Amino acid sequence: MEIDIQHHEVWFVTGSQHLYGEGPLKEVADHARHITKALNEAPEIPVQVVFKPVMTHAEAIGKLIREANQAEQCVGLIMWMHTFSPAKIWLSGLMNLNKPFVHLHTQYNRDIPWSEIDMDFMNLNQSAHGGREFGFMASRLRKNRKVVVGHWQDPEVIHKLAVWTRVACAWQDAQGGSIVRFGDNMRNVAVTEGDKVAAQQQMGYQVTAYGVGELVSYVDQVTDKDIDRLVEEYRDTYKMDPALQDKSEQRQSLKDSARIELGMRRFLEDGNFKGFTTNFEDLNGLSQLPGLAVQRLMADGYGFGAEGDWKTAALLRAVKVMSSGLNGGSSFMEDYTYHLEPNNMTVLGAHMLEVCPSLSKNQVSLEVHPLSIGGKDDPARLVFDVPTGPGINASVMDMGNRFRMVVNKVDVVDIPALPNLPVARVAWKPQPDLKQAAEAWIHAGGAHHTAFSMAIDEEYFEDFARMANIEMLLIDKNTDLNDFKNELRWKDLYYHLAHGIH
Ligand code: MN
């Protein structure tokens with residue numbers, strides 16, 4: 001499975017009104033075409049930007065919105081009010097729109113031509129107040145949208161549109177998408193539970209369970225020839241531990257792991273699943289915990305959550321789509337253990353095995369070692385370190401009456417060699433610091449599982465939470481714990497009232 005967002009479209013929709021007459025409206029359309037072309041050619045925007053005729057009537061807007069709702073390739077709309085566009089003509093259309101939109105509050109000319117400006121110029125270039133009239137209607141209708149302000153050639157404006165576009169692709173990907181759970185939840189774990197009907201209603205993806213036996217039957221059907229071919233691919237791709245030579249016991253473990261990968265991959269492809277969960281308490285019929293298989297499937301764009309964690313699997317899938325083609329990796333992650341040395345407090349992140357090699361900085365080593373829990377055969381896994389730089393952890397919880405996303409910015413740091421820890425790992429310092437970040441995270445009820453990324457930042461998660469209309473809490477260098485705890489209180493109240501009975 002490869003993620004391809006380039007075939008998607010965003011539609012560039014310009015608002016005006018008929019009172020301007022034919023001449024000025026032609027000029028409006030020319031400006032809109034010019035901006036569309038520029039956005040389309042901006043390398044940062046990964047999809048096609050499609051020009052749509054200038055909107056001056058409610059009927060045309062209604063028709064356009066119906067088309068946008070229907071068009072599978074259209075992930076969202078960029079709306080720009082070139083001139084004054086009385087917003088009642090947008091009311092019905094906006095009410096019916098079920099795709100995300102961004103309000104681009106720009107104007108064609110960057111500068112005011114001070115020495116030449118006349119009434120004609122001023123009447124034509126009215127985004128400054130036209131955008132406000134449109135903004136009122138969108139707010140009056142309580143429409144969630146991103147607002148981007150600035151000249152359309154401003155790199156910051158283009159970047160914000162690019163981020164929103166990538167998030168809209170992830171949103172489209174989630175609608176009707178399917179996450180498969182092999183088995184159920186890890187026994188007694190709380191945060192990985194949740195209301196799957198509410199998740200489908202709010203975020204669009206469905207969660208489907210299969211007994212692990214269904215997976216085992218796929219694994220059992222894998223042929224020796226396919227296994228040998230895959231082991232060869234491993235040898236060509238990774239630095240293979242010399243202990244994995246022919247006929248060793250560990251070699252057999254590696255072959256078993258390849259068998260699991262091939263069976264899982266076929267299962268996911270047959271069911272058109274976009275992500276999956278495993279549960280190490282429910283591996284009946286599998287010889288080892290799927291480590292290598294999970295790592296490689298994540299690298300191919302599948303979402304993953306351990307211990308039945310379907311919410312993190314779906315979130316990671318969204319991150320994989322958003323970050324498609326960007327530098328830096330993304331993975332399922334867990335805060336594993338702490339380094340609490342004063343002034344150097346650090347989190348060591350890993351999972352038992354399942355960290356995505358898209359994060360690796362050096363050559364990835366393929367090894368087989370005992371797991372020390374679980375009572376299964378020694379599993380194969382990829383071992384590597386992660387480069388330093390900015391990173392981010394995000395997690396979604398079901399709070400009972402709503403979904404909450406918690407996001408923490410972190411700085412990935414170097415760590416000494418770990419000769420006795422044969423798992424992929426990453427160390428980070430959370431912002432503002434470990435003490436405050438963990439306190440805030442814990443007050444928020446943040447999960448111990450996250451989608452971790454070094455490819456995207458908090459703006460992506462803000463845009464995603466806004467599209468899903470779920471709560472989002474950010475912990476970063478500006479976080480003040482007292483403010484944060486108060487935010488938790490008033491958001492509890494806000495969401496209680498805002499969602500009503502659904
Ligand atoms: Mn876990």
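Keep in mind that this is a model prediction, so the values were computed, not measured. (Residues numbered from 1 in each chain as written. Predicted model: local features only at pLDDT ≥ 70, side-chain atom pairs only at ≥ 80, totals over all residues. Heavy atoms only, no water.)

1. Regarding the coordination of the manganese ion
Okay, so step 1: The coordination sphere of the manganese ion contains the protein donors Glu307 (OE), Glu307 (OE), Glu334 (OE), His351 (NE2) and His449 (NE2), at a distance range of 2.1 to 2.7 Å.
Okay, so step 2: Sequence spacing of the donor residues for the manganese ion, all on one chain, is E-x26-E-x16-H-x97-H. Separated by 98 residues along the polypeptide, histidine 351 in the loop between β12 (346-350) and β13 (365-368) and histidine 449 in strand β18 (residues 449-453) bring together distant segments of the chain.
Okay, so step 3: Note on histidine 351: relative accessible area 3%, which makes it buried. (Donors = N, O, S within 2.8 Å, 3.2 Å for Na, K, Ca; no water. Helix = DSSP H or I, 4+ residues; strand = E, 2+ residues; numbered from the N terminus. Buried < 20%, exposed > 50% of the residue type's maximum accessible area, 1.4 Å probe, protein only.)

2. Some details on the domain arrangement of the protein
Okay, so step 1: Domain annotation of the protein identifies domain 1 (9-174) and domain 2 (178-501).
Okay, so step 2: Relative placement of domain 1 and domain 2: their C-alpha centres are 37 Å apart.
Okay, so step 3: Facing the 16 residues of domain 1 at the interface are 20 residues of domain 2.
Okay, so step 4: For the pair domain 1 and domain 2, the summed buried surface comes to about 1,600 Å²; carbon and sulfur atoms form 59% of the total.
Okay, so step 5: On the domain 1 side of the interface with domain 2, the three residues burying the most area are Arg166, Trp171 and Asp173, jointly 39% of the side's total.
Okay, so step 6: Between the two partners, domain 1 and domain 2, sit five salt bridges.
Okay, so step 7: A salt bridge links glutamate 459 to lysine 160; the shortest N-O distance between them is 3.7 Å.
Okay, so step 8: The tally of links between domain 1 and domain 2 comes to nine residue pairs in polar contact (both at pLDDT 80 or more).
Okay, so step 9: For the side of domain 1 that touches domain 2, the element with the most residues is helix α6 (residues 155-174), which contributes twelve residues. (Domains from an automatic or database assignment. Contact = heavy atoms within 4.5 Å. Buried area = accessible area lost by both parts, 1.4 Å probe. Salt bridge = Lys/Arg side-chain N within 4 Å of Asp/Glu carboxyl O. Polar contact = N/O pair within 3.5 Å; in protein donor to acceptor, adjacent residues only side chain to side chain.)

3. Focus: the pairing of strand β6 (residues 178-182)
Okay, so step 1: Burial analysis of β6 places five of its five residues in the buried class, the great majority of the element.
Okay, so step 2: Both faces of β6 are covered, namely the face carrying Ser178, Val180 and Phe182 and the face carrying Ile179 and Arg181.
Okay, so step 3: Direction of pairing for β6 relative to strand β7 (residues 206-210): parallel, over a ladder of five bridges. Residue pairing for β7: valine 180 is matched across the bridge by threonine 208.
Okay, so step 4: Handedness of the β6-helix α7 (residues 196-203)-β7 crossover: right-handed.
Okay, so step 5: Bridge count for β6 against strand β9 (residues 275-277) is three bridges, and the pairing is parallel. Opposite valine 180, over in β9, you have phenylalanine 276 as the bridge partner. (Pairing = 2+ DSSP bridges. Right-handed = clockwise from strand over helix to strand, strands pointing away.)

4. Notes on the packing of helix α3 (residues 88-96) against helix α5 (residues 127-140)
Okay, so step 1: The interhelical angle for the contact between α3 and α5, taken along N-to-C directions, is 40°, at an axis separation of 10 Å. Put simply, α3 runs oblique to α5. In this structure, α3 crosses over α5, and the sense of that crossing is right-handed. For the pair α3 and α5, the contacting residues are Lys88, Trp90, Leu91 and Leu94 in the first and Phe134, Met137 and Ala138 in the second.
Okay, so step 2: The residue makeup of the contact of α3 with α5, split by class, is six nonpolar, no polar and one charged. (Axes fitted to C-alpha atoms, helices over the stretch in contact; angles between N-to-C directions. Parallel < 35°, antiparallel > 145°, perpendicular 65-115°, else oblique. Left-handed = near helix turned anticlockwise from the far one by under 90°. Nonpolar A, V, L, I, M, F, W, Y, C, P; charged D, E, K, R; others polar.)

5. A few points about the sheet that holds β6
Okay, so step 1: Pairing is parallel across the open sheet formed by four strands, whose spatial order is β7-β6-β9-β10. The strands lining the two open edges of the sheet, one partner per strand, are β7 and β10 (303-305). On average, each strand axis in the sheet is inclined to that of its neighbour by 20°, with strand direction left out of account.

6. Some words on the pattern of salt bridges
Okay, so step 1: On inspection of all chains with the given rule, the structure shows 29 salt bridges.
Okay, so step 2: Across the pair arginine 110 and aspartate 111 runs a salt bridge whose closest N-O atoms are separated by 2.8 Å.
Okay, so step 3: Salt-bridge contacts for lysine 491 lead to glutamate 487; the nearest nitrogen and oxygen are separated by 2.6 Å. You can see lysine 491 and its partner glutamate 487 sitting in helix α15 (residues 481-499), four residues apart, about one turn around the helix. Residues lysine 491 and glutamate 487 agree in their burial class; the two are buried.
Okay, so step 4: Bridged by salt links that share partners, the residues Lys146, Lys160, Glu459, Asp463 and Arg466 form one connected network.

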